[in-house]
Protein chains: 2
Amino acid sequence: MEIIKKYETFFNDYLNNNCIEKEPNNLYEPINYILSIGGKRLRPLVILMSADVLGDKLKDALPAALSVEIFHNFTLMHDDIMDNAPLRRGQTTVHEKWDVNTAILSGDTMLVQSYKCLEKYSNTPQLYTLLSSVLSKTAIEVCEGQQYDIDFVNQNTITIEDYIKMITLKTAVLVACAFKMGAIIAGVTDKTATNLYEFGKNLGIAFQLQDDYLDTFGDSTLVGKQTGGDIIENKKTYLYIKSLQELEKDKSEELFELFQTTPKNPEAKIERAKQLFEESGSVVSLKQTIDKYTKLALQNLKELDIAKEKKAPFEKFAQELMFRNK
Amino acid sequence: MEIIKKYETFFNDYLNNNCIEKEPNNLYEPINYILSIGGKRLRPLVILMSADVLGDKLKDALPAALSVEIFHNFTLMHDDIMDNAPLRRGQTTVHEKWDVNTAILSGDTMLVQSYKCLEKYSNTPQLYTLLSSVLSKTAIEVCEGQQYDIDFVNQNTITIEDYIKMITLKTAVLVACAFKMGAIIAGVTDKTATNLYEFGKNLGIAFQLQDDYLDTFGDSTLVGKQTGGDIIENKKTYLYIKSLQELEKDKSEELFELFQTTPKNPEAKIERAKQLFEESGSVVSLKQTIDKYTKLALQNLKELDIAKEKKAPFEKFAQELMFRNK
């Protein structure tokens with residue numbers, strides 16, 4: 001995304017300069033490995049943008065950006081164990097490349113590191129306290145979100161409300177946290193920081209729903225991976241939950257049964273699930289919901305008590321994020 | 001132990017009042033379970049004693065005491081996964097009672113909770129910052145210690161120095177952290193807090209070595225479990241490492257081979273290992289080393305710049321800890 005791309009080199013340089021190379025090697029190597037395989041760096045770049053736009057505090061925001069990126073990668077390392085995932089960003093996951101115990105312990109270390117990064121602010125104890133509390137609140141919520149996601153596997157009646165709650169906790173609050181941390185470092189009022197948090201949260205929900213849409217209906221050449229992954233893994237996403245509710249009894253049962261299977265050649269399953277998603281009206285409903293949360297985010301932005309020209313980059317960010325095709 | 005026993009009810013009441021009962025149940029139930037099955041509560045009670053004796057700040061120290069107890073139990077929950085341990089304090093471990101994923105995620109949540117507990121001090125941001133930094137430093141070290149311990153399994157040449165370093169990181173620094181946190185809350189000088197940290201560290205090393213001794217040579221009726229557990233699990237403790245070094249080649253090889261086996265009926269193995277430990281002079285050496293670290297701790301205490309009557313409870317604590325038989 002253009003609007004945050006300009007912060008990328010800046011962040012990556014800081015990340016590389018703060019890479020921890022010490023003993024025991026078996027603890028730190030997996031950490032440097034997962035941090036090096038990239039990803040969109042969405043959250044840290046949001047922090048940098050937020051601090052830069054709101055208070056010209058780009059450089060000051062680097063430790064917080066690193067903190068949140070390390071935290072995010074800690075969640076990936078542990079989630080990959082729980083999901084038994086062989087690959088992450090096309091590379092072997094840590095528990096596969098090393099082993100489960102390594103992924104547990106290196107992940108734990110990263111979680112502590114995400115707090116340690118914030119110590120760069122300890123000369124201003126009030127700032128450290130504030131940022132560290134935001135991190136803790138978010139971290140607890142992310143764990144709760146992951147637990148709800150795990151619980152869904154054995155749960156047959158999930159409502160759309162349950163699903164939105166789960167993705168809010170698992171994904172959206174960390175995006176919100178990134179906006180808020182940048183705002184705090186920029187020194188804005190509590191009210192502005194809270195409103196920006198809400199902006200980030202609604203945008204985060206829209207972002208995750210968009211991800212769900214693209215996973216099933218995206219252009220695989222643009223998305224960069226085969227579409228239909230969520231269907232193959234029998235994931236209970238918006239499309240599945242809504243379709244179960246909306247379809248006639250026989251087709252609803254068909255979809256339910258379809259998601260109990262794991263065929264070796266999943267093409268037919270993917271095709272049929274997509275048909276049922278379309279037929280049920282869930283695809284239209286999903287697009288409307290994405291639209292709803294995007295609009296809520298833009299409304300939050302409108303209500304922000306900051307100069308109009310400072311709002312422009314946030315609006316641009318929202319647009320770029322939501323009108324992406326990958 | 002008498003000297004800290006008087007704080008026990010006080011701490012347990014606080015723990016029970018701060019037990020988190022919220023959704024998702026699958027996340028919080030295992031946390032309340034592991035916290036409820038007890039243990040010595042050594043670390044939290046040390047914080048309470050330290051804050052009480054040094055600054056009459058017993059009540060103020062409760063959140064820090066809870067923080068460290070939650071942190072300690074987080075490490076147990078994750079260590080038990082890594083060690084594949086079926087029991088903890090005679091009760092089923094979390095990954096056995098629930099599953100590995102639950103133990104990972106509930107453990108992660110506890111690590112965050114240990115930071116969140118400290119937010120009770122956030123009205124004094126300087127205090128929060130200080131305590132939270134001590135927690136992070138300690139937490140990183142504990143993870144490093146656990147990694148060294150894991151590395152030992154596949155390592156054939158371990159020195160006594162390596163071993164002391166490992167137990168310092170894995171066990172002693174958290175005891176040291178407890179003394180220091182209590183001192184910080186009591187409002188003593190940096191120098192006093194640092195000296196008390198060193199006292200706790202040396203005492204923690206002596207404590208772990210004493211544990212090693214009791215595991216093999218303790219009176220099983222007093223220890224409350226069958227002795228020889230470390231030998232059965234082929235653990236590379238002080239006694240094993242030192243014996244490998246000191247024994248003649250043939251007996252050293254015999255001990256090495258003995259620790260490659262896992263007999264169904266381990267009595268003979270335990271007996272032979274104990275003989276070799278005695279014969280090598282390792283038992284005497286271990287006792288001398290325990291004595292050395294206990295004396296170092298008492299020396300730290302002597303050098304502390306506080307009134308003599310305030311030193312007395314710490315000295316009594318050290319004596320009770322070191323002259324225990326269980």
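Bear in mind the structure is a predicted one, so any value in this text is a computation, not a measurement.

Draft legend 1. Structural view of the overall build of chain A. On a plain count of helices and strands, chain A comes out with 17 helices and two strands. Its C-alpha atoms give chain A a radius of gyration of 20 Å, near enough to 20 Å, the size a compact globule of 326 residues would have. With the C-alpha coordinates of chain A rotated into their principal frame, the extents come out at 65 × 50 × 35 Å. Per-residue burial for chain A yields a buried fraction of 59% across its 326 residues. Nonlocal contacts in chain A, meaning residues at least 24 apart in sequence, comprise 74% of its contacts between residues at least 6 apart. Carbon and sulfur atoms provide 48% of the accessible area of chain A, an area that totals close to 14,200 Å². Charge centroids of chain A, computed over 39 positive and 47 negative side chains, lie 4 Å from each other.

Draft legend 2. Representation of the relation of the copies chain A and chain B within the structure. Each copy of the sequence occupies a distinct position, and chain A is placed on chain B by a rotation of 180° and an axial shift of 0.0 Å, giving an RMSD of 0.0 Å. Both chain copies can therefore be described as sitting about a two-fold axis. Minimal C-alpha distance to the rotation axis in chain A is attained by A:Pro125, lying at 2.6 Å. Both copies present the same face, since 100% of the interface residues in chain A are matched by interface residues at the equivalent positions in chain B.

Draft legend 3. Structural view of the pattern of salt bridges. The full count for this structure, using the stated rule, is 33 salt bridges over all chains. Between A:Arg88 and A:Asp80 there is a salt bridge whose closest N-O contact spans 2.7 Å. Residue class for A:Arg88 comes out partly exposed when judged on its relative accessible area of 22%. Among the residues examined, A:Asp80 registers a relative accessible area of 4% and is labelled buried. In this structure, B:Lys295 and B:Asp291 form a salt bridge, with 3.0 Å as the shortest nitrogen-oxygen distance. Here the residue B:Lys295 and the residue B:Asp291 both occupy positions in helix α16 (residues 282-302), the gap between them amounting to four residues, near one helical turn. Several salt bridges converge on common partners, so that one network encompasses A:Asp79, A:Asp149 and A:Lys170.

Draft legend 4. Spotlight on the interface of chain A and chain B. Opposite the 39 residues of chain A that make contact, chain B presents 39 residues. Buried area between chain A and chain B, both sides added, is near 3,600 Å², and the carbon and sulfur share of it is 67%. There are two salt bridges connecting chain A and chain B. Among the ionic pairs, A:Glu144 bridges to B:Lys22, the shortest N-O distance being 2.8 Å. Elements that contribute at least two residues to the side of chain A that touches chain B include exactly α3 (25-36), α5 (62-83), α7 (100-117) and α8 (125-153) of chain A. Broken down by element, the side of chain A that touches chain B gets its largest block of residues, 17 residues, from α8(A).

Draft legend 5. Representation of the packing of helix α10 (residues 190-217) of chain B against α16(B). Residues and elements named next belong to chain B. For the pair α10 and α16, the least separation of the axes is 8 Å and the interaxial angle reads 160°. Comparing the axis directions of α10 and α16 gives the class roughly antiparallel. In this structure, the crossing between α10 and α16 has a hand that is left-handed. Contacts between α10 and α16 involve Asn 195, Glu 198, Phe 199, Asn 202, Leu 203, Ile 205, Ala 206, Leu 209, Gln 210, Tyr 213 and Phe 217 from the first element and Val 283, Leu 286, Lys 287, Thr 289, Ile 290, Tyr 293, Thr 294, Leu 296, Ala 297, Asn 300 and Leu 301 from the second. The class makeup of the residues in the contact of α10 with α16 is 14 nonpolar, six polar and two charged.

Draft legend 6. The arrangement of the domain arrangement of chain A in detail. All names here are of chain A. Assigned domains of chain A: these are domain 1 (1-154) and domain 2 (189-326). The distance between the C-alpha centroids of domain 1 and domain 2 comes to 24 Å. Contact with domain 1, which involves 16 residues of that partner, is made by 12 residues of domain 2. Between domain 1 and domain 2 the total buried area reaches about 1,300 Å² when both faces are included, carbon and sulfur atoms providing 73% of it. Per-residue buried area on domain 1 facing domain 2 is highest for Ile 3, Val 53 and Leu 54; these three make up 38% of the total on that side. Our count for the contact surface shared by domain 1 and domain 2 stands at zero salt bridges. Seen at the junction of domain 1 and domain 2, the total is four residue pairs in polar contact (both at pLDDT 80 or more).

Draft legend 7. Spotlight on helix α2 (residues 8-17) of chain B. Residue and element names in this part refer to chain B. Listing the buried residues of α2 in full gives Phe 11, Tyr 14 and Leu 15. On an axial view of α2, the arc spanned by its buried residues comes to 100°, and they lie on one face. α2 presents Thr 9, Asn 16 and Asn 17 as exposed residues on the side facing more than 90 degrees away from its buried surface. Tucked inside the fold, the buried residues of α2 contact α3 (25-36), α4 (42-55) and α5 (62-83).

Draft legend 8. Broad picture of unusual backbone geometry. Residues and elements named next belong to chain A. Cis geometry marks the peptide bond from Glu 23 to Pro 24, where omega comes out at -5°. Residue position: Pro 24 is located in the loop between α2 (8-17) and α3. Unusually for a residue other than glycine, Asn 84 sits at a positive phi of about 55°. Summarising the element assignment, Asn 84 is placed in the loop between α5 and β1 (87-88). In this model, Arg 89 sits at a positive phi of 50°, which is unusual for a non-glycine residue. Looking at the element boundaries, Arg 89 is found in the loop between β1 and β2 (91-92). By relative accessible area, Arg 89 is classed as partly exposed at 30%.

Calculation rules
- Numbers given for residues are sequential positions, taken from 1 along each chain in its written order.
- In the order they appear in the text, chains get letters beginning with A and ligands get numbers beginning with 1.
- Where totals are concerned, whole chains, interfaces and linings use all residues; where local detail is concerned, this predicted model gives features only for residues with pLDDT of at least 70, and gives and counts side-chain atom pairs only at 80 or more.
- Hydrogens are left out, water is left out, and the side-chain values use all remaining heavy atoms of the structure.
- Helix numbers and strand numbers start at the N terminus; a helix is a DSSP run of H or I with at least 4 residues, a strand a run of E with at least 2.
- Here the radius of gyration uses the C-alpha set of atoms, whereas the globule reference equals 2.2 Å times the residue count to the power 0.38.
- In this scheme, a residue with accessible area under 20% of its type's maximum is buried, one over 50% is exposed, and one in between is partly exposed, where area comes from a 1.4 Å probe on protein chains only.
- Whether two residues are in contact is decided by their heavy atoms: any pair within 4.5 Å suffices.
- For the accessible areas, the method is Shrake-Rupley and the probe is 1.4 Å, while residue cover comes only from the protein chains on display.
- Under the counting rule used here, the positive set is Lys and Arg, the negative set is Asp and Glu, and His together with the chain ends is not counted.
- The location of each charge is read from NZ of Lys, CZ of Arg, CG of Asp or CD of Glu.
- All copies are superposed by least squares; the fitting set is the C-alpha atoms of residues with a pLDDT of at least 70 in both.
- When a carboxyl oxygen of Asp or Glu lies within 4 Å of a side-chain nitrogen of Lys or Arg, that pair is called a salt bridge.
- Note: buried area is the sum, over both parts, of the accessible area (probe 1.4 Å) each one loses when the two are combined.
- Here an axis means a line fitted to C-alpha atoms, over the contact stretch when the element is a helix, while the angle between two N-to-C directions is reported on a 0 to 180 degree scale.
- Any angle from 65 to 115 degrees is called roughly perpendicular, while one under 35 is roughly parallel, one over 145 is roughly antiparallel, and all others are oblique.
- With the far helix as reference, a near helix turned anticlockwise by less than a right angle produces a left-handed crossing, and one turned clockwise produces a right-handed crossing.
- The residue classification treats Ala, Val, Leu, Ile, Met, Phe, Trp, Tyr, Cys and Pro as nonpolar and Asp, Glu, Lys and Arg as charged. All others, Gly included, are polar.
- In this document the domain limits rely on a domain assignment from an automatic tool or a database.
- In the analysis that follows, any N or O atom pair within 3.5 Å is treated as a polar contact, provided that within protein one partner can donate a hydrogen and the other can accept it, and provided that, for residues neighboring in sequence, both atoms belong to side chains.
- Picture the helix axis, draw a direction to every C-beta atom, and the arc is the one those directions span.

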